[in-house]
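Per-entry structural report
Take a look at the letters that make up each chain.
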Amino acid sequence: MREVAVIGVGTSQFGKRSDVQLVELAWESIREALKDSGVSQKDVDFVVTGNLGMWSSEPLPAVVISEYAGLNPTGTMKVEAACATGSAAVMVAYSAIQAGLADIAMAVGVEKMNESPLHNVVEFIGRAGNYFWEFQNFGLTFPAYYALHAVSYMAKFGITEEDLGLVAVKNHYYGSKNPKAQFQKPISIEEVLKSPYVAYPLKLYDCSPVTDGSSCVILASEDVVREYTDTPVWIRGIGTASDTANLSKRKEFWGLKAARVAAEQAYKMAGVHEPLGFFDVAEVHDCFTIAEIMAYEDLGFAKQGEGVELLKEEQTYIGGKIPVNLDGGLKAKGHPIGATGISMIAELTKQLQQRVEKDRQTDIINGNALAHNVGGTGHYAYVTVLSLNRR
Ligand code: COA
């Protein structure tokens, strides 16, 4: 199999972006990634656009973005995997290179969620499960889906709302150090606990926000990588899995089976036996605070029921066993659905190359990083292992 590496990354400012059109927002990250990699538009062999898009007006975002970014006549497509759309776009770009169809491929994710009123956005996201059985019959929204996970986890393992809030405190702390994050203010645990309930036990500060933003990565085959960079970040392992549309068909609610299966695949491919000690840094899908705790366990950073201990001991801060979400995560950086997975890979690439802001740069010892991106409640899961070292 041909090896594939990340050679350039870009991320737009995240937040409410009524100042730009969808294509301009996408261009912010594309322009940065082209500059970062030294690749010019004519060198790109294939473009994959990640976009869920039901809240914005462009039905064919891949086409308008490629035209605006000067990428025509290069082939393009749009992919969708709910909140894991960005990682799916990276996997398609990676596969095209591996298959020999491209030497340089771009994955760009973009979302303008604030183009629709919030109540519509909440409804659109709520439909992502099994529309007929769960949304239409019971009216579940996404905060409510993850609230079911939280209630179930709290009942089984005895954790508290304050324990959940530790995720928000950590991720807002790192968001405050990321100039591209939607929220750049640290918060205290008291503020989390005082914030209004959205769906018990999840409060405002347990939720990721509604975000506009874009992110882009440029991938290259091993045959051309050295023409562009001396510090490629190799995609050393990649895994994906899915689970039932209906939550009611699942056997347990205190973890996501799809994430565990995706991690197993990615670890096998990358030769990871013990994740703690292998990874210098991770990005995990903290769409709601409970999701980050379940991710620690699904990824093997902690035993089931013990994820909160990592937070209490500050092991997922810089200096701990496995620093997590040093860009603020979905919680504080923001969650523009189609861009999120790509922004994780962009952040980890810069962490591995030691070029993020000084006060949120972790030590790179082994040169390995992990991205965990979930769509729905494990309807899709993608795990990607990045490394400064080839397989
Ligand atoms: N975390 C922290 N602060 C938030 C926030 C969040 N998630 N969402 C909004 N805010 C802040 C806003 O900045 C604003 O502050 P201000 O008054 O100081 O300007 C205030 O809270 C109200 O913002 P508003 O835009 O009116 O949001 P809201 O309160 O109506 O919506 C949620 C909050 C939680 C309902 C909304 O963010 C949401 O639906 N999040 C989940 C998105 C989702 O499901 N994504 C997919 C996950 S799988």
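As the structure is a prediction and not an experimental result, all values here were calculated from the model. (Residues numbered from 1 in each chain as written. Predicted model: local features only at pLDDT ≥ 70, side-chain atom pairs only at ≥ 80, totals over all residues. Heavy atoms only, no water.)

**A closer look at helix H9 (residues 257-270)**
Under the 1.5 Å per step criterion, the end-to-end length of H9 is 20 Å for 14 residues, consistent within 8% with the ideal 20 Å. Of the positions making up H9, those classed as buried are Ala-258, Ala-259, Ala-262, Ala-263, Ala-266, Tyr-267 and Ala-270. Along the long axis of H9, the arc covered by the buried residues comes to 160°, so they all point the same way. Residues Lys-257, Glu-264 and Lys-268 are exposed on H9 and point more than 90 degrees away from its buried face. Of the surrounding elements, those touching the buried residues of H9 are strand S8 (233-242), helix H10 (289-298), strand S10 (368-375) and strand S11 (380-387). Positioned one or two residues after H9, Gly-271 has a phi angle of 75°, which is positive. (Helix = DSSP H or I, 4+ residues; strand = E, 2+ residues; numbered from the N terminus. Expected span 1.5 Å × (residues − 1). Buried < 20%, exposed > 50% of the residue type's maximum accessible area, 1.4 Å probe, protein only. Arc of directions from axis to C-beta. Contact = heavy atoms within 4.5 Å.)

**Structural notes on empty space enclosed by the protein**
Evaluation of the coordinates by the stated rule reveals one cavity of 30 Å³ or more. Of the voids in this model, the largest cavity is the one considered here, and its volume is about 40 Å³. Considering the residues around the largest cavity, the lining is formed by Leu-52, Ala-82, Cys-83, Ile-125, Ala-128, Phe-142, Ile-337 and Gly-376. Tallied by class, the residues present in the lining of the largest cavity amount to seven nonpolar, one polar and no charged. (1 Å grid on protein atoms, 1.4 Å probe; cavity = no way out; pocket = protein on both sides within 12 Å on 5 of 7 lines; lining within 4 Å. Points joined across faces, edges and corners; volume = space filled by probe spheres on them. Nonpolar A, V, L, I, M, F, W, Y, C, P; charged D, E, K, R; others polar.)

**Topic: unusual backbone geometry**
Cis geometry is adopted by the peptide bond preceding Pro-73, which originates at Asn-72 and carries an omega value of 5°. Its place among the elements puts Pro-73 in the loop between helix H2 (61-68) and strand S3 (75-79). Following Tyr-200, the chain continues to Pro-201 via a peptide bond in cis, the omega torsion being 5°. Inspection of the secondary structure puts Pro-201 in the loop between strand S5 (197-199) and strand S6 (202-203). Not every positive phi belongs to a glycine, and Glu-314 is a case in point at roughly 55°. Judged by relative accessible area, which is 47%, Glu-314 ranks as partly exposed. Phi is positive for Gln-354, which is not a glycine, with a value near 55°. Residue placement: Gln-354 occurs in the loop between helix H13 (337-352) and S10.

**Digging into the packing of aromatic side chains**
To describe a pair of aromatic rings, you give the distance between the ring centres and the angle between the ring planes. In the structure shown here, the tally under the stated rule is twelve aromatic pairs. Taking the centre distance of 5.8 Å and the plane angle of 25° together, the rings of Tyr-131 and Phe-135 count as stacked. Residue Tyr-131 and its partner Phe-135 are both found in helix H5 (residues 131-138); the two are separated by four residues, about one turn of the helix. You can call Phe-135 buried: its relative accessible area is 15%. With a centroid separation of 4.9 Å and an interplanar angle of 70°, the aromatic rings of Tyr-173 and Tyr-174 are classed as edge-to-face. Over the face of the ring belonging to Trp-254 we find Lys-156, whose NZ or CZ atom lies 4.7 Å from the ring centre. Stacked on the ring of Trp-234, the Lys or Arg Arg-390 has its end atom at 4.9 Å from the ring centre. (Phe/Tyr/Trp six-rings, centres within 6.5 Å; stacked < 30°, edge-to-face > 60°. Lys NZ or Arg CZ within 6 Å of the ring centre and 35° of its normal.)

**Section: the layout of surface pockets**
In this structure, the largest pocket occupies an estimated 580 Å³ of space. Around the largest pocket, the lining is made up of 27 residues, and of these Leu-118, Cys-207, Ser-208, Pro-209 and Val-210 lie nearest the centre. Elements supplying a minimum of two residues to the lining of the largest pocket: helix H4 (118-126) and helix H6 (142-157). Sort the elements by how many residues they give to the lining of the largest pocket and H4 lands first, with four residues. When its residues are assigned to classes, the lining of the largest pocket shows 18 nonpolar, seven polar and two charged. Quantified by volume, the second largest pocket comes out at close to 230 Å³. What lines the second largest pocket is a set of 16 residues, and nearest its centre among them are Asn-178, Lys-180, Glu-347, Lys-350 and Arg-360. Put simply, the parts of the chain that give the lining of the second largest pocket at least two residues each are strand S1 (4-11) and H13.

**Points about the pairing of S11**
Here S11 lies mainly inside the structure; seven of its eight residues are buried. As paired elements, S8 and S11 share eight bridges and run antiparallel to each other. Within the sheet, the bridge partner assigned to Gly-237 lies in S11 and is Val-385. Hairpin geometry of S10 and S11 is characterised by an intervening segment of four residues between the two adjacent antiparallel strands and by a positive phi of about 65° at Gly-376. (Pairing = 2+ DSSP bridges.)

**Here we look at the sheet that holds S8**
The strands making up a sheet associate through backbone hydrogen bonding, with each pair oriented either parallel or antiparallel. One open sheet holds the nine strands; their spatial order is S3-S2-S4-S7-S1-S8-S11-S10-S9, and the pairing between them is mixed. Edge positions in the sheet fall to S3 and strand S9 (281-283), since each has one partner strand and no second. Geometrically, the sheet is characterised by an average inter-axis angle of 25° between neighbouring strands, direction not taken into account. Inspection of the sheet shows S1 paired to strand S7 (residues 212-221) by seven bridges, in the antiparallel sense. Residue pairing across strands places Gly-10 opposite Cys-216, the latter belonging to S7. Those strands touched by H13 are S1, strand S2 (46-50), strand S4 (104-112), S7, S8, S9, S10 and S11, and its axis lies near 175° from that of S10. (Axes fitted to C-alpha atoms, helices over the stretch in contact; angles between N-to-C directions.)

**Looking at the side chain of Arg-250**
Examined against the element boundaries, Arg-250 turns out to sit in the loop between S8 and H9. The class of Arg-250 is buried, set by a relative accessible area of 11%. Within the local environment of Arg-250, its side chain forms a polar contact with the backbone oxygen of Thr-377, the two atoms lying 2.7 Å apart. In this structure, Arg-250 is in contact with Asp-243, Thr-244, Leu-256, Thr-377, Gly-378 and His-379, ignoring residues within four places of it in sequence. (Polar contact = N/O pair within 3.5 Å; in protein donor to acceptor, adjacent residues only side chain to side chain.)

Purely geometric numbers; function is a separate question.
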